Amino acid sequence: MMVSHAPNGTSATTLPAVKNLFDLDGQVALVTGAAQGLGLAIAQAFAAHGASVVLADINAEGAECEASRLREAGVEAISARCDVAHSAPIAQLIAGAVGWHGRIDTLVWQCGRGRSDRPARGGH
Ligand SMILES: NC(=O)c1ccc[n+]([C@@H]2O[C@H](COP(=O)([O-])OP(=O)(O)OC[C@H]3O[C@@H](n4cnc5c(N)ncnc54)[C@H](O)[C@@H]3O)[C@@H](O)[C@H]2O)c1
């Protein structure tokens, strides 16, 4: 594709394309490890770009707390408890997420023990 660059280095033709790249309206993102840390930041970023998000975590209270915050901000968000160390809850998680809007467009498997040994966030 030919791209003409404006004097300041930006391009009138690439900017709309980049905007579309981050337009996630109508899409569903499922993020594990979403009660805190990177997983939460990723879920919030998807939500900020228009996606409906499923926040899954072994910490059900923390995931629901963050999903509730997103809903208060006008985002379609649900939470689900899931221990990804076991296959049965994973199957249940996927089925539940697909049942929500009939699709999963993006799956982010972010859980694990991260740099935060901070206590899990809960409550509201
Ligand atoms: N934070 C970073 O800068 C960084 C950089 C590179 C890689 N990572 C990796 O990313 C992952 C997450 O890091 P973080 O800093 O966000 O961690 P974090 O400890 O802040 O959050 C991890 C989340 O995963 C959840 N979780 C843990 N075990 C789970 C399980 N079995 N099932 C479902 N949920 C579970 C926790 O409850 C928590 O909410 C880790 O594997 C970490 O090694 C982190």
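Structure: above.
In what follows, the accompanying structure is described.

In this section: the pairing of strand β2 (residues 52-57). Side chains on a regular strand alternate between the two faces of the sheet. With six of six residues buried, β2 is to be regarded as a mostly interior element. Where strand β1 (residues 28-32) meets β2, five bridges bridge the pair, whose relative direction is parallel. Its bridge partner being in β2, Val 28 is matched across the sheet by Ser 52. Chirality of the crossover, the property in question, places the unit of β1, helix α2 (residues 37-48) and β2 among those that are right-handed. Judged from the five bridges that link them, β2 and strand β3 (residues 77-81) form a sheet pairing that is parallel. Residue Asp 57 lies in a different strand from β3, and its bridge partner there is Arg 81.

Criteria and cut-off values
Every chain begins its residue count from 1, and numbering advances along the sequence as written. Only residues with pLDDT of 70 or above have their local features reported here, since the model is predicted, and side-chain atom pairs are shown and tallied only from 80 upward, although totals for entire chains, interfaces and linings are computed over all residues. Comment: burial labels come from other C-beta atoms within 10 Å of the residue's own C-beta, placed from the backbone, where a count of 20 or more is buried, 12 or fewer is exposed, and between is partly exposed. Counting from the N terminus, the helices are DSSP H or I runs at least four residues long and the strands are E runs at least two residues long. Pairs of strands are assigned from DSSP output, requiring at least two bridges between the strands. Throughout, right-handed denotes a crossover for which the path from the first strand over the helix to the second runs clockwise when the strands point away from the viewer.

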